[in-house]
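Examination of the molecular architecture
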Amino acid sequence: MSNITETNIYEEVEQLAIEKGYELVLLVGEIKEQAAGSHEVDEENKKIKITINNEYKDDLSVGVHELLHAKLFLTGFPKTRTYYHASQTSLNSVGRRALVEIENIAQHTIIYPEIINLGYSQRKLDLVYFEGVKNEIDTVFSGLNKLGRAFRLLECYYRLPEEFATIEKDINEKQNAEYGLFRKMKRLLSKTGTPKEMRKAMGSMIKLVEEVVKKETGSQLYLRYFTTLNPYFNEYQLKQKASKIVSAIKFNEYPDIFLINKEDDICVTFIRGDSISYDRYKNLLEEKTLKEILSM
Ligand SMILES: [Zn+2]
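Per chain, the residues get numbers from 1 upward, laid out in the order the sequence is written. The model is predicted, so local features are restricted to residues of pLDDT at least 70 and side-chain atom pairs to those at 80 or more, both for listing and for counting; the totals for chains, interfaces and linings are taken over all residues. Side-chain metrics rest on all non-hydrogen atoms present in the structure, leaving aside hydrogens and water.

So, on to the pairing of strand 3 (residues 47-53). For a regular strand, the rule is simple: side chains alternate between the two faces of the sheet. Of all 7 residues in strand 3, 5 are buried, a share of seventy percent or more. Here, a strand pair is defined by DSSP locating no fewer than two bridges between the strands. Numbering of helices and strands runs from the N terminus, with a helix taken as a DSSP run of H or I at least four residues long and a strand as a DSSP run of E at least two residues long. With 7 bridges joining them, strand 1 (residues 23-29) and strand 3 adopt parallel strand pairing. When the bridges of strand 3 are listed, L24 appears paired with I48. As judged from the 6 bridges shared by strand 2 (residues 37-42) and strand 3, these two strands associate in the antiparallel manner. Residue G37 lies in a different strand from strand 3, and its bridge partner there is I52. Hairpin connection between strand 2 and strand 3: a loop of 4 residues separates the two successive antiparallel strands, and K46 in this loop has a positive phi of roughly 50°. Residue exposure (1.4 Å probe, protein chains only): buried if accessible area is under 20% of the type maximum, exposed if over 50%, otherwise partly exposed.

Structure (structure tokens):
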């Protein structure tokens, strides 16, 4: 096994984890979908699990990449959390996959430059990714596969901006719809430096995906309600009457209540319907401050 545990970034992330009461677990083994590495945050059991694919166990950049994902989580960058009854919801596999892509790519806007800053390089892996994108330039996709490709263009751009520039014109000509989506998403992700900016960018991405899915399939995903993104309310907002800042909604087919941030129309948290009635909860929003509601 490589000496990833001896790197500064490992020490830093391990320290952050300890401060937040998390256990950092590092494994080398098999990963599905042949990814070089993966990370998993288990908020319930306070565990962050990083797995490095056997094949890449000597490539430090893989571990560094996953550690940087963990670092973003531990320093308060937003994480999507899916509604627990999601298996019965319209949040189908398309929605889930899109959420994973959005969170990953948004974080990659910070991670790829940071890997280089820290003196590591993922170039070998990135070039393989670039070749993949280049090889499908002449392939025509339809429906939601266009969305998938737009995500790949974005990922390719963040990995290797210079190489991407050499095929950009060709992509624009041959995959005009995907290229248009790519440009939009790139604009939405142009500011991600702080947790609050990242939330805004991810929220806009979620809404864009809803729009594309609606257009391509006619179905409304309500992705913005079936997932939550960490809210960043300021002191002033926390002291306000809750109903000024948030609202509660309910879908007939589900027992639970969705607390929505009025400012961006994205879910803040889910409230179990068996713990309080919808009417009672709505009354509480009128009576209590936002801070009181959030600490319930
Ligand atoms: Zn990643």
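With that settled, consider the confidence of the model for the protein chain. Per-residue confidence from the predictor is reported as pLDDT, a score between 0 and 100. Per-residue confidence for the protein chain gives a mean pLDDT of 93; residues scoring 70 or more make up 97%. Looking over the protein chain, one finds the lowest element-wise mean pLDDT in strand 4 (residues 81-82), namely 89, and the highest in helix 11 (residues 242-245), namely 98.

Here a ring pair, both rings aromatic, is described through the centre-centre distance and the interplanar angle of the planes. We call Phe, Tyr and Trp rings a pair once their centres come within 6.5 Å, taking the six-membered ring for Trp, and we label the pair stacked below 30 degrees between planes, edge-to-face above 60, and tilted otherwise. All told, the structure shown has 19 aromatic pairs when counted by the stated rule. Measuring from ring centre to ring centre gives 5.8 Å for F226 and Y254, while their planes differ by 85°; the resulting arrangement is edge-to-face. In this pair, F226 sits in helix 9 (residues 223-226) while Y254 sits in the loop between strand 6 (246-250) and strand 7 (257-261), placing the two residues 28 residues apart along the sequence. Y254 sits in the buried class, given a relative accessible area of 5%. Every member of this aromatic cluster is reached through a ring pair, and the members are Y83, Y222, Y225, F226, F251, Y254, F258 and F270. Over a ring means this: the NZ of a Lys or the CZ of an Arg is within 6 Å of the ring centre and within 35 degrees of the ring normal. Lying over the aromatic face of Y157, K186 brings its terminal NZ or CZ to 4.6 Å of the ring centre. The ring centre of Y278 lies 4.1 Å from the NZ or CZ of K282, which sits over that ring.

A carboxyl oxygen of Asp or Glu within 4 Å of a side-chain nitrogen of Lys or Arg is what we treat as a salt bridge. In the structure shown here, the tally under the stated rule is 19 salt bridges. Linking K282 and D279 is a salt bridge whose minimum nitrogen-to-oxygen distance equals 4.0 Å. Of the two residues, K282 and D279 are both situated in helix 12 (residues 278-287); the distance of 3 residues between them amounts to about one turn of the helix. Since its relative accessible area comes to 33%, K282 is described here as partly exposed. Overlapping salt bridges, with partners in common, bring together D126, E155 and R159 in one network.

Turning our eyes to something else, we now look at the sheet that holds strand 2. One open sheet holds the 3 strands; their spatial order is 1-3-2, and the pairing between them is mixed. Every other strand in the sheet has two partners, leaving strand 1 and strand 2 as the edge strands with one partner each. Taking each pair of neighbouring strands and ignoring which way they run, the sheet shows an average axis angle of 15°. Pairs of residues are marked as contacts when any of their non-hydrogen atoms sit within 4.5 Å. The axes are straight lines fitted to the C-alpha atoms, using for helices just the contacting stretch, and the angles between their N-to-C directions are given from 0 to 180°. Strand contacts of helix 2 (residues 60-74): strand 1, strand 2 and strand 3, with the helix running at about 160° to strand 3, the strand carrying the most contacts.

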